[in-house]
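Below are the chains, spelled out letter by letter.
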Amino acid sequence: ITKALHADYWKPIQAGKEDGTDANRVSKLINDSSIKIHPELYALNTPSSPHIAARIDQVKIDLDYIVQNIPKTNNNYLIIEGAGGIMVPLNEEEFVIDLITRLNATVILVSKNYLGSINHSLLTAAMCKQRNIPVAGWIFNDQFMQYESEIAAWTGYPSLQSIPFCTDMNDKFIAEQASIFKQKHPDGI
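What you see is a predicted model, and the numbers here were worked out from it, not measured in a lab.

Draft legend 1. Here's a closer look at the overall build of the protein chain. When helices and strands are counted, the protein chain shows seven helices and eight strands. Out of the 189 residues in the protein chain, the part that is buried amounts to 39%. Restricting to contacts in the protein chain with at least 6 residues of sequence separation, those with at least 24 account for 66%. With the model as given, the accessible surface of the protein chain reaches about 10,600 Å², and the carbon-plus-sulfur share is 51%. Across the protein chain, 16 positive and 21 negative side-chain charges occur, with their mean positions spaced 2 Å apart.

Draft legend 2. Layout of the pattern of salt bridges. As enumerated under the stated definition, the model contains seven salt bridges in all. In this structure, E81 and K11 form a salt bridge, with 3.6 Å as the shortest nitrogen-oxygen distance. Residue E81 is found in the loop between β5 (78-80) and α4 (96-103), and its partner K11 is found in the loop between β1 (8-10) and β2 (13-15); the two are separated by 70 residues along the sequence. With a shortest N-O distance of 2.8 Å, R55 and E92 are connected by a salt bridge. Of the two residues, R55 sits in helix α2 (residues 50-57) while E92 sits in the loop between β5 and α4, which places them 37 residues apart along the sequence. Accessibility expressed as a relative area gives 47% for R55, which makes it partly exposed.

Draft legend 3. Up close: helix α5 (residues 117-130). In this model, α5 (14 residues) spans 20 Å end to end at C-alpha, consistent with the 20 Å of a helix rising 1.5 Å per residue. When we look at burial in α5, the residues that qualify are S117, S121, A125 and C128. For α5, the angular spread of the buried residues around the axis is 65°, confining them to a single face. Opposite the buried face of α5, at more than 90 degrees from it, the exposed residues are L123 and Q130. Buried residues belonging to α5 abut β6 (107-112), β7 (135-141) and α6 (148-155).

Draft legend 4. How the structure looks around the nonpolar core. Among the nonpolar cores identified, the biggest contains 30 residues, and I61 and L109 are the most heavily contacted of them. Those elements that provide at least two residues to this core are β2, β4 (42-44), α2, α3 (63-68), α4, β6, α5 and β7. Other than its neighbours up to four places away in sequence, I61 contacts I13, Y42, L44, P50, A54, I66, L90 and N91. Core analysis: the second largest hydrophobic core is formed by 13 residues, L5, I35, I139 and L160 among them.

Draft legend 5. Broad picture of the packing of aromatic side chains. Scanning the model with the defined rule gives two aromatic pairs in all. Considering the side-chain rings of Y42 and Y65, the 5.9 Å spacing of their centres and the 75° angle between planes classify their relative orientation as edge-to-face. With Y42 in strand β4 and Y65 in helix α3, this residue pair connects regions lying 23 residues apart in the sequence. A relative accessible area of 10% places Y42 in the buried class.

Draft legend 6. Local environment of the sheet that holds strand β3 (residues 37-38). If you walk across this open sheet you meet the three strands as β3-β1-β5, and the pairing is parallel. The open sheet terminates on both sides in strands that have one partner only, identified here as β3 and β5. Here β1 runs beside β3; their pairing, made up of two bridges, is parallel. Its bridge partner being in β3, W10 is matched across the sheet by H38.

Draft legend 7. Structural context of the sheet that holds β7. Read across the open sheet, the three strands follow the order β6-β7-β8; overall the sheet is parallel. The two strands at the open ends of the sheet, each matched to only one other strand, are β6 and β8 (159-163). The average angle at which neighbouring strand axes cross in this sheet is 20°, direction not considered. Direction of pairing for β6 relative to β7: parallel, over a ladder of six bridges.

Conventions used here
- Residues numbered from 1 in each chain as written.
- Predicted model: local features only at pLDDT ≥ 70, side-chain atom pairs only at ≥ 80, totals over all residues.
- Heavy atoms only, no water.
- Helix = DSSP H or I, 4+ residues; strand = E, 2+ residues; numbered from the N terminus.
- Buried < 20%, exposed > 50% of the residue type's maximum accessible area, 1.4 Å probe, protein only.
- Contact = heavy atoms within 4.5 Å.
- Areas by Shrake-Rupley, 256 points an atom, 1.4 Å probe, with all protein chains shown as cover.
- Lys, Arg positive; Asp, Glu negative; His and termini not counted.
- Charge placed at Lys NZ, Arg CZ, Asp CG, Glu CD.
- Salt bridge = Lys/Arg side-chain N within 4 Å of Asp/Glu carboxyl O.
- Expected span 1.5 Å × (residues − 1).
- Arc of directions from axis to C-beta.
- Core = buried A, V, L, I, M, F, W, Y, C linked by side-chain atoms within 4.5 Å.
- Phe/Tyr/Trp six-rings, centres within 6.5 Å; stacked < 30°, edge-to-face > 60°.
- Pairing = 2+ DSSP bridges.
- Axes fitted to C-alpha atoms, helices over the stretch in contact; angles between N-to-C directions.

And the structure:
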């Protein structure tokens, strides 16, 4: 989506960086120096729930700090990547969904097709509706079974794209998927 919309990218909280950060990976996969990849505000060492990783690193994730430091962008879009699902704890009191609300962000829900994903997807959509969070739609990935249209219908959120399973994710694959997205959504989302 970052490449398709020629958007800036920001993941404010990175939990686990031994294998590199998501920002580093996105930068390599997008392979476009005109897209700004903003640094994390919290780069935590342990690959775990952010509240646990922060506890181990002896820091507290502060949502006020994140909101006050949202990157300025010259682009129309800033893609903000969360940390796991919307009910992942960021500290002892707040969750990813609280950060979404504080940032007043429109959400793109991502659902990987696996056994149990219908339940997880519907629960995520229900939480967004309960909190009145605007949702642009779904990105589905993998092809365990074909139930994307059912999830979209049950939730009322459109399917923006279905991304096939890929064993060798590289910049060519990302460019192909971005091109498909741009064809489907020429005016953005």
